[in-house]
Amino acid sequence: MEQQTVTIAKAGIHTSLNARCSVVAAANPLMGSYRDEQSIAQAIPLPDSLISRFDLVFMVKDPNNAQFDQRIAEHVLKNHR
């Protein structure tokens, strides 16, 4: 995908097609929670060769806060009754 093409070799036909697409992926950290002292590559159980293919990598963290979780749950339930 780095070259923006996909090469296909099937049934004696060899061709290279343009690849115009976006890839969005999600991964959970090892052991179910992210530790601040870890890098993203250490936290996500994927090979570096795969992670390096993404142009942007975002870490979305959910801090362990029971009061905040309760407020969000109440808000969601209030708006969906």
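Further up the page is the structure itself.
Rules used throughout
- Residues numbered from 1 in each chain as written.
- Predicted model: local features only at pLDDT ≥ 70, side-chain atom pairs only at ≥ 80, totals over all residues.
- Heavy atoms only, no water.
- Buried < 20%, exposed > 50% of the residue type's maximum accessible area, 1.4 Å probe, protein only.
- Helix = DSSP H or I, 4+ residues; strand = E, 2+ residues; numbered from the N terminus.
- Pairing = 2+ DSSP bridges.
- Contact = heavy atoms within 4.5 Å.

Regarding the pairing of strand β1 (residues 5-10)
Within β1, only zero of the six residues are buried, which leaves the element largely exposed. Both β1 and strand β2 (residues 13-18) contribute to a ladder of six bridges, which runs antiparallel. Pairing of valine 6 across the sheet is with leucine 17, part of β2. Linking β1 to β2, which pair antiparallel, is a turn of two residues; within it alanine 11 sits at a positive phi near 50 degrees.

Overview of the environment of leucine 30
With respect to the element layout, leucine 30 can be found in the loop between β2 and α1 (40-43). Classification of leucine 30 as partly exposed rests on a relative accessible area of 40%. When the C-alpha positions of leucine 30 and isoleucine 44 are compared, they lie 6.2 Å apart, and in sequence the two are 14 residues distant. Filtering out sequence-adjacent residues up to four positions away, leucine 30 remains in contact with Gln42, Ala43 and Pro45.

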